[in-house]
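Listed below are the residues making up each chain.
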Amino acid sequence: MADPGKMEEGLAHAEVAPDQERKDKRDGKVEKEEGVAADRIGNDKEERAATAQVEQQNLEEQPLVKQKTKRVATLDAFRGLTVALMILVDDAGGAYPRIDHSPWNGCTLADFVMPFFLFIVGVAIALALKKIPKIKDAIKKISLRTLKLLFWGVLLQGGYSHAPGDLVYGVDMKQIRWCGILQRIALVYFIVAMIETLTRKHRPTVLEPGRLSIFTAYRWQWIGGSVAFVVYMITTYSLYVPDWSFEVDNGDEATRYTVKCGMRGHLGPACNAVGYVDREVWGINHLYSSPVWQRLKACTLSSPGSGPFRENAPSWCRAPFEPEGLLSSILAILSGTIGIHCGHVLIHFKGHSERLKQWVSMALGLIIVAIILHFTDAIPINKQLYSFSYVCFTAGAAGIVFSAFYVLIDVWGFRTPFLFLEWIGMNAMLVYVLGAQGILAAFVNGWYYESSNNTLVYWIQKHVFINVWHSERLGTLLYVIFAEIAFYGVLSGILHKLGIYWKL
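Residues numbered from 1 in each chain as written. Predicted model: local features only at pLDDT ≥ 70, side-chain atom pairs only at ≥ 80, totals over all residues. Heavy atoms only, no water.

Draft legend 1. Expanded view of empty space enclosed by the protein. Counted by the stated rule, this structure contains two cavities of 30 Å³ or more. In this structure, the largest cavity spans a volume of roughly 70 Å³. Class assignment for the residues of the lining of the largest cavity results in eight nonpolar, four polar and no charged. Its volume calculated, the second largest cavity comes out at about 50 Å³. Along the walls of the second largest cavity sit Phe119, Ile338, Cys342, Gln358, Trp359, Met362, Ala363, Leu366, Ala395 and Gly399, which together make up its complete lining. A per-element tally of the lining of the second largest cavity places helix H10 (residues 352–375) first, with five residues. Here the residues of the lining of the second largest cavity sort into eight nonpolar, two polar and no charged. (1 Å grid on protein atoms, 1.4 Å probe; cavity = no way out; pocket = protein on both sides within 12 Å on 5 of 7 lines; lining within 4 Å. Points joined across faces, edges and corners; volume = space filled by probe spheres on them. Nonpolar A, V, L, I, M, F, W, Y, C, P; charged D, E, K, R; others polar. Helix = DSSP H or I, 4+ residues; strand = E, 2+ residues; numbered from the N terminus.)

Draft legend 2. Examining the pattern of salt bridges more closely. All chains considered together, the criterion is met by nine salt bridges. The shortest N-O distance in the salt bridge between Arg79 and Asp76 comes to 2.8 Å. Remark: Asp76 and Arg79 occur in helix H2 (residues 73–92); sequence separation between them is three residues, near one turn of the helix. The residues Arg79 and Asp76 share a single accessibility class, namely buried. Of the charged contacts, one joins Arg177 and Glu322 as a salt bridge, the two residues approaching to 2.7 Å between their closest N and O atoms. Within this pair, whereas Arg177 is found in the loop between helix H4 (135–157) and helix H5 (181–198), its partner Glu322 is found in the loop between helix H8 (273–281) and helix H9 (326–348), the two being separated by 145 residues in sequence. An identical accessibility class is assigned to Arg177 and Glu322; each is buried. (Salt bridge = Lys/Arg side-chain N within 4 Å of Asp/Glu carboxyl O. Buried < 20%, exposed > 50% of the residue type's maximum accessible area, 1.4 Å probe, protein only.)

Draft legend 3. Spotlight on the packing of helix H15 (residues 456–469) against helix H16 (residues 472–498). At a minimum axis separation of 8 Å, H15 and H16 run at an interaxial angle of 125 degrees. As the angle between them shows, H15 and H16 are arranged oblique. Where H15 crosses over H16, the handedness of that crossing is right-handed. In contact with Val457, Ile460, Gln461, Phe465, Ile466 and Trp469 of H15, H16 contributes Glu472, Leu474, Gly475, Thr476, Leu478, Tyr479, Phe482 and Ala483. Residue classes in the contact of H15 with H16 are distributed as 10 nonpolar, three polar and one charged. (Axes fitted to C-alpha atoms, helices over the stretch in contact; angles between N-to-C directions. Parallel < 35°, antiparallel > 145°, perpendicular 65-115°, else oblique. Left-handed = near helix turned anticlockwise from the far one by under 90°. Contact = heavy atoms within 4.5 Å.)

Draft legend 4. Focus on the state of the cysteines. Throughout the structure, instances matching the rule amount to two disulfides. Disulfide pairing places Cys261 opposite Cys271 at an S-S distance of 2.1 Å. The sign of the S-S torsion, about -85 degrees, decides the handedness of the disulfide formed by Cys261 and Cys271: left-handed. Here Cys271 lies in the loop between strand E4 (263–264) and H8 and Cys261 lies in the loop between strand E3 (254–259) and E4, a separation of 10 residues in the sequence. Under the relative-accessibility criterion, Cys261 is labelled buried at 12%. (Disulfide = S-S within 2.5 Å.)

Draft legend 5. View of the pairing of E3. The sheet contact formed by strand E2 (residues 244–249) and E3 spans six bridges and is antiparallel. Across the sheet, Asp249 pairs through a bridge with Ala254, a residue of E3. A loop of four residues connects E2 with E3, the two strands running antiparallel in sequence, and Gly251 in this loop sits at a positive phi of about 105 degrees. (Pairing = 2+ DSSP bridges.)

Draft legend 6. Spotlight on unusual backbone geometry. At the junction of Ala163 and Pro164, the peptide bond is cis and its omega measures out at -5 degrees in the coordinates. Mapped onto the secondary structure, Pro164 falls in the loop between H4 and H5. Residue Pro304 is reached from Ser303 by a cis peptide bond, and omega for that bond is 10 degrees. Considering the arrangement of structural elements, one finds Pro304 in the loop between H8 and H9. The residue Tyr386 is not glycine, and still its phi comes out positive at about 50 degrees. Looking at the secondary structure, you find Tyr386 in the loop between H10 and helix H11 (388–411). A relative accessible area of 0% means that Tyr386 is categorised as buried.

Draft legend 7. Just H4, in detail. Taking 1.5 Å of rise per residue, the 23 residues of H4 would be expected to cover 33 Å, and the 32 Å separating its terminal C-alpha atoms lies within 8% of that figure. Listed in full, the buried residues belonging to H4 are Ala138, Ile142, Thr146, Leu149, Gly153, Leu156 and Gln157. Its buried side turned inward, H4 meets helix H3 (113–129), H5, helix H13 (428–436) and helix H14 (439–445). After H4 finishes, the residue Gly159 shows a positive phi value of roughly 115 degrees. (Expected span 1.5 Å × (residues − 1).)

Draft legend 8. Representation of the packing of aromatic side chains within the structure. Tallied over the entire structure, the rule returns 26 aromatic pairs. Taking the centre distance of 5.7 Å and the plane angle of 40 degrees together, the rings of Phe215 and Trp222 count as tilted. Judged by centre distance (6.3 Å) and plane angle (65 degrees), the rings of Trp412 and Phe414 are edge-to-face. Judged by its relative accessible area of 54%, Trp412 is exposed. Put simply, the rings of Phe78, Phe112, Phe116, Phe119, Trp359, Phe393, Phe402, Phe405, Tyr406 and Phe418 pair up and form one aromatic cluster. Directly above the aromatic system of Trp244 lies the positively charged group of Arg279, at a separation of 3.7 Å from the ring centroid. Here Arg473 stacks its cationic end above the ring of Tyr96, 4.2 Å away from the centre of that ring. (Phe/Tyr/Trp six-rings, centres within 6.5 Å; stacked < 30°, edge-to-face > 60°. Lys NZ or Arg CZ within 6 Å of the ring centre and 35° of its normal.)

Draft legend 9. Spotlight on a nonpolar patch on the surface. Side chains of Trp220, Ile223, Val227 and Val231 sit close together on the surface and give an oily, nonpolar patch of about 340 Å² of accessible area. Relative to the assigned elements, Ile223 resides in helix H7 (residues 219–238). (Patch = residues over 30% accessible without salt bridge, like charges linked within 9 Å, V, L, I, M, F, W, Y side chains within 5 Å. Areas by Shrake-Rupley, 256 points an atom, 1.4 Å probe, with all protein chains shown as cover.)

Draft legend 10. Representation of the packing of H9 against H10 within the structure. Between H9 and H10, whose axes approach to 9 Å, the crossing angle comes to 160 degrees. With respect to their mutual orientation, H9 and H10 come out roughly antiparallel. For the pair H9 and H10, the sense of crossing is right-handed. Contacts from Ile338, His341, Cys342, Val345 and Leu346 in H9 reach Arg355, Gln358, Trp359, Met362 and Leu366 in H10. Grouping the amino acids of the contact of H9 with H10 by side-chain chemistry returns seven nonpolar, two polar and one charged.

Draft legend 11. Looking closely at the side chain of Asp278. As for its placement among the helices and strands, Asp278 is situated in helix H8. Of the buried charged residues, Asp278 lacks a salt bridge, with Arg184 as the closest side chain of opposite charge at 7.2 Å. (Lys, Arg positive; Asp, Glu negative; His and termini not counted.)

Spatial relationships are all this shows, so hold off on functional conclusions.
See the structure below:
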């Protein structure tokens, strides 16, 4: 007879055994599935490795294609506006002297062109150099572009080109003009871009909280601008300017004039330190021979327009003066510094309201400072001297215009009405050379009939605009707007569609 205890023990074992068997089967199945999954993962890794190897081989076999970068429409439109403004004031300023450069103190429409360019250069530097990771490559690009700007500047404004009026070329090296618009841009670009590149390791990638963090992060840019300001102010107000003389060639003989100075801190046309530095550094024969101060009331009865000199006009009225000279270009660095600050704001602040708050507040502050300095006669607004009040006023105006374009184009989306300005801004160098420097007009004038004054350009200006409107002033203005600015807008649009750009 079987022992009841053993029977119960056997039943218990019999009941446990099937459960254990099922558990073992489940474990085996899981292990099998895990093995299959592991095999799949291993196969996927091998496939991805093989694919990557094939892609790498393809990249090595194919030429490297540079990816297109997204352009800032607001900046292009602002650049296009500045180029169009330059063409307007250069070619219509004779008919409307009020929009031409101020003869001395004050600020007219033409006086905004240069600082607007420098502001735009500063913004562009901030956006462009962040895409170049290696400092060595950035320095190479900066140096090469600076040399190109200097070359084109001397070629176009040094006296070699006589476009569009005279169908000749060539310059006497004893009278070549070394300074000019592109040369000033080259200097400002080189200094501001070099500071931006060489101080890259000394600034944080992320801004710290605080209103002044954008200034402290880029303190070296502001230090550079401050150094330029100090050098300019000390030199302008402390440098002794002695008497100086010059000669005017009357054809058969030369007449020598002497200007009495012997003073410091003078801000008038005759005895300022800005002109003295240029006469000493470049030589008086290498300065701009037709300065705008010739349109002052002291020089001509036709003021503010151009005209013959008064009989009792001061001797300095006939003297040369360099509006893009060395000392004035040093303070122009500050215009580029303010521009690159606005570029930094564009990079670090992502919200529209934050960006506009930064731009507009600084712009209004600069304009207020300029107005106070000018109307208290502390530092008059003066483009020829590139005075500190002029820097503040024009940089503030640039900030307002840039902010307005940003609201219209980027915030409200009104891009279409400003497309022609964008197109001009994308090919600004081409339009500057062909239009502002008159190279295309000179080329067309080269194909004349019987007389060099009988060309297609002169015929259109006279018969399509001046004679139709029975006004030389209005006809000239409409010719500049429609036959020049609108024409270059259309030309730039066609080149944009074809993907053709002229970049330095």
